[in-house]
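A closer look at the structure
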Amino acid sequence: MVGEKVVDSITRWRVTMVVILLRVLALFATTAATVVMALNKEKHIFAVATIGNAPVKIEITAKFQHIPANVMFVIANGVATLHSLFMLSMLCFVRDKYDFKGLRFLTVAALDMVTIAVVSGAATAVAFMGEVARNGNSHARWNKVCDNFERYCDQGSGAMLASYIGIFFLMLVNMLNIFEHGRLINLSKNPLAA
């Protein structure tokens, strides 16, 4: 009986360490996605006409704020970053002090799922806008943007990749939390099944 409790506490400690590591990785990925997209800006000067021998030039700036999907992306990844920080602080400092009959597990799992859904929706919206920016749409007569603003598009692609990596880590954290909760429920119902 004592040996089973020791094994159970070692297993819980290992799962907690893996969850902390995955949350830190998710935190870094969503932070990187937020910062890279928020700093995404490129200026380009175009010659639009020639009067005599002097070209008429116009400066156009591509910013992330010009596309609503990018703004949603920055907000969603920022919220995911704050969520990861909050959950890490709860995991490191609070632990099991305020666990009312397993409510903490359900709350954390639900908040993780909502965070995954919001970030996934924002990353998918940016992916579709990136597709239009890279290839245009000949039917709607939308021109390609990435021909002229290559660094802007590459930086947006990097932010999107970091966001999907963050989603992956958040999904792993959520699966581990759900499996751990299920294991603890089975242990409480049948203490001999350890």
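Residues numbered from 1 in each chain as written. Predicted model: local features only at pLDDT ≥ 70, side-chain atom pairs only at ≥ 80, totals over all residues. Heavy atoms only, no water.

1. Considering the overall build of the protein
Secondary structure summary: the protein contains 4 helices and 2 strands in total. What you see in the protein, going N to C, is helices and strands ordered as α-β-β-α-α-α. When the 194 residues of the protein are sorted by exposure, 35% land in the buried category. Accessible area of the protein: about 12100 Å², with a carbon and sulfur share of 69%. (Helix = DSSP H or I, 4+ residues; strand = E, 2+ residues; numbered from the N terminus. Buried < 20%, exposed > 50% of the residue type's maximum accessible area, 1.4 Å probe, protein only. Areas by Shrake-Rupley, 256 points an atom, 1.4 Å probe, with all protein chains shown as cover.)

2. Quick word on the pairing of strand β1 (residues 41-51)
Where β1 lies against strand β2 (residues 54-63), 10 bridges are found, and the strand directions are antiparallel. Looking across to β2, one finds that F46 is bridged to I58. Turn length for the β1-β2 hairpin, with the two strands adjacent in sequence and antiparallel, is 2 residues, and the turn residue G52 shows positive phi of about 70°. (Pairing = 2+ DSSP bridges.)

3. What to know about the pattern of salt bridges
Taken as a whole and judged by the stated rule, the model has 2 salt bridges. The closest approach of N and O atoms between R23 and D112, which form a salt bridge, is 2.8 Å. Of this pair, R23 sits in helix α1 (residues 2-38) while D112 sits in helix α3 (residues 103-135), and the two are 89 residues apart along the sequence. When sorted by exposure, R23 lands in the same class as D112, which is buried. Of the charged contacts, one joins D154 and R134 as a salt bridge, the two residues approaching to 3.2 Å between their closest N and O atoms. Note that D154 is positioned in helix α4 (residues 150-189) and R134 in helix α3, a separation of 20 residues in sequence. (Salt bridge = Lys/Arg side-chain N within 4 Å of Asp/Glu carboxyl O.)

4. A look at the packing of aromatic side chains
For the structure shown, the criterion picks out 2 aromatic pairs. Where F46 meets F149, the ring centres are 6.1 Å apart and the plane angle is 70°; that geometry is what we call edge-to-face. You can see F46 sitting in strand β1 and its partner F149 sitting in the loop between α3 and α4, a full 103 residues away along the chain. We note that F46, like F149, is buried. Each ring, one from F168 and one from F169, has its centre 5.8 Å from the other, and the planes form 55°; the classification is tilted. Here F168 falls in the partly exposed class, since its relative accessible area comes to 48%. (Phe/Tyr/Trp six-rings, centres within 6.5 Å; stacked < 30°, edge-to-face > 60°.)

5. Looking at the confidence of the model for the protein
This prediction gives the protein a mean pLDDT of 85; 86% of its residues lie at or above 70. When the elements of the protein are averaged for pLDDT, α1 gives the smallest value, 84, and helix α2 (residues 68-94) the largest, 92. (pLDDT = per-residue confidence, 0-100.)

6. Remarks on the state of the cysteines
Summed over all chains, the structure comprises 1 disulfide. Linked covalently through their sulfurs, C146 and C153 form a disulfide whose S-S length is 1.9 Å. Given an S-S torsion of about -90°, the disulfide between C146 and C153 has left-handed geometry. Relative accessible area serves as the criterion here: at 8%, C153 is assigned to the buried category. (Disulfide = S-S within 2.5 Å.)

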